[in-house]
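# Remarks on the overall topology
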Amino acid sequence: MNLKQLLHHFTKELIEIYDEQEIISIFNIIVEHISGFNRSQLMLNGGAEVEEVKYNTYLQALDRLKTGEPPQYVIGDTIFYGLTFKVNPAVLIPRPETEELVDWIIERCNSASLKRGSLLDIGTGSGCIAISLKKNLGPDFKVSAIDVSEGALATATENALLNNAQVNFIHADILSYSSNEKYDLIVSNPPYITMEEQKEMHHNVLENEPHLALFVSDEKPLIFYEAIAEFALSNLNSNGLLCFEINEYLGEETMQMLIDKSFINIELRKDMQGKDRMIICSHPN
Ligand code: GLN
């Protein structure tokens, strides 16, 4: 069987869960992972025979994809902010919206000429925010990251090594965490999807990604935001920034909560899809 025929087979097997364009993109990343061909090499090598040993690897990948398992978990890694991150079901697959938040934070630090300082990422998951900020803000930034999940911390630790980034990882639950450490930046993409919204989620996400990283109760959708804001009130330096990824439907409520806690310079930004997605604000003094 050659690669073109293999793509045909993938399409036939996956067409119930993905559209044709998605299957082509998934196929491309699977081929890159298994045979090492990038997209243009793949076009040139479409007629190349798939080696016997690799053929089985392709079929195993296809079996996992057929269950709806995200391709990033099947391959075991993904790209975020130009860096490679290992991913597995203990961590959320980094989303492009989160890259936009990282971009905004870097922009803010650059425009304030903030070249040294300390940063805490709360609920780090794969470590994508902490590690991409460490790589981009430079060696004079001390970066720490906390997560309640040991599986996530193990993955994040591996990702820090993989990317040669020094990050101090802390195993803790932000709902009960306190420390005397002061930070210039506190960043978080906490769980924010309500049970109500869960019903509208794609079942591939629902059945495969960690619920601990995604969901909050309908009664207290801002529980993590409130706890993190409280923590930031006591642990941010004056002029320090609190940076959040937020639920697109809770922009107003999240801003109001920050106003009530006296944060200042509260700025909300939309993501590429025009949805309220991130907030940066400053410590009141
Ligand atoms: N944006 C993610 C999603 O839509 C959720 C991230 C989060 O809950 N923090 O799946």
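Just so it is clear, the structure is predicted and the values come from calculations on it, not from any experiment.

## Some words on the overall build of the protein chain
When helices and strands are tallied, the protein chain shows 13 helices and 11 strands. Taken over the C-alpha trace, the protein chain has a radius of gyration of 21 Å; the compact-globule value for 285 residues is 19 Å, and the two agree within 12%. Dimensions of the protein chain along its principal axes, counting C-alpha atoms only, are 65 × 40 × 35 Å. Expressed as a percentage of its 285 residues, the buried residues of the protein chain come to 33%. Relative to all contacts within the protein chain whose residues are 6 or more apart in sequence, the contacts with residues 24 or more apart total 68%.

## Some words on the packing of helix α12 (residues 223–235) against helix α13 (residues 251–260)
Put simply, α12 and α13 touch, their axes get as near as 11 Å, and they point 30 degrees apart. One finds that α12 runs roughly parallel with respect to α13. Seen along the crossing, α12 lies across α13 with a hand that is right-handed. Packed against α12, whose contacting residues are Y225, E226 and A229, the element α13 presents T254, M257 and L258 at the interface. For the contact of α12 with α13, the residue count by class is four nonpolar, one polar and one charged.

## Some remarks on the site of the ligand
For the ligand, the full set of nearby residues is R95, E97, N189, P190, P191, Y192, I193, V205 and L214. Looking at the shell around the ligand residue by residue, the class counts come to six nonpolar, one polar and two charged.

## Some words on the domain arrangement of the protein chain
The domain architecture assigned to the protein chain consists of domain 1 (3–67) and domain 2 (81–282). Relative to domain 2, the C-alpha centre of domain 1 lies at a distance of 34 Å.

## What to know about helix α2 (residues 20–35)
Taking 1.5 Å per residue as the helical rise, α2 with its 16 residues ought to reach 22 Å, and the 21 Å between its terminal C-alpha atoms agrees with that figure. For α2, every residue scored as buried is listed here: I26, F27, I30 and V31. One side of α2 holds all its buried residues, which, seen down the axis, span an arc of 135 degrees. Buried residues belonging to α2 abut α1 (3–14), α3 (39–44), α4 (52–66) and α5 (71–75). Looking one or two places after α2, you find G36, whose phi comes out positive at around 80 degrees.

## Focus: unusual backbone geometry
A positive phi angle, close to 50 degrees, is found at Y81, a residue other than glycine. With respect to the element layout, Y81 can be found in the loop between β1 (77–80) and β2 (83–86). Residue Y81 is classed as buried on the basis of its C-beta count, with 20 C-beta atoms lying within 10 Å. Residues other than glycine seldom take positive phi values, yet N265 does so here, at roughly 50 degrees. Considering the arrangement of structural elements, one finds N265 in strand β10 (residues 264–270).

## Regarding helix α7 (residues 128–137)
Note that an α-helix has 3.6 residues per turn; residues three or four places apart therefore point the same way. Most of α7 is tucked away: eight of the 10 residues are buried. Within the sequence span of α7, burial applies to C128, I129, A130, I131, S132, L133, K134 and L137. In the stretch just after α7, G138 is the one whose phi turns positive, near 105 degrees.

## Observations regarding the environment of Y58
With respect to the helices and strands, the residue Y58 is situated in helix α4. Judged by the 21 C-beta atoms lying within 10 Å of it, Y58 is buried. Linking Y58 and S35, residues 23 residues apart in sequence, is a C-alpha distance of 9.6 Å. Residue contacts for Y58: discarding those within four places in its chain leaves L6, I34 and V50.

## Quick word on the sheet that holds β10
Strand order across the open sheet formed by seven strands is β5-β4-β3-β6-β9-β11-β10, with mixed pairing between neighbours. Looking at strand neighbours, the two that pair on one side only are β5 (167–171) and β10, the edges of this open sheet. Going across the sheet, the axis of each strand differs from the next one's by a mean of 15 degrees, ignoring polarity. Inspection of the sheet shows strand β4 (residues 141–147) paired to β5 by five bridges, in the parallel sense. Note on β5: the bridge partner recorded for I146 is I170. On the sheet, helix α8 (residues 150–162) packs against β4 and β5 and is oriented at approximately 170 degrees with respect to β5. Where α13 meets the sheet, its contacts fall on β9 (236–245), β10 and β11 (276–282), and the angle it forms with β10 comes to roughly 170 degrees.

Cut-offs applied
Residues numbered from 1 in each chain as written. Predicted model: local features only at pLDDT ≥ 70, side-chain atom pairs only at ≥ 80, totals over all residues. Helix = DSSP H or I, 4+ residues; strand = E, 2+ residues; numbered from the N terminus. Rg over C-alpha atoms; globule rule 2.2 N^0.38 Å. Buried ≥ 20, exposed ≤ 12 C-beta atoms within 10 Å, placed from the backbone. Contact = placed C-beta atoms within 7 Å. Axes fitted to C-alpha atoms, helices over the stretch in contact; angles between N-to-C directions. Parallel < 35°, antiparallel > 145°, perpendicular 65-115°, else oblique. Left-handed = near helix turned anticlockwise from the far one by under 90°. Nonpolar A, V, L, I, M, F, W, Y, C, P; charged D, E, K, R; others polar. Near = placed C-beta within 6 Å. Domains from an automatic or database assignment. Expected span 1.5 Å × (residues − 1). Arc of directions from axis to C-beta. Pairing = 2+ DSSP bridges.

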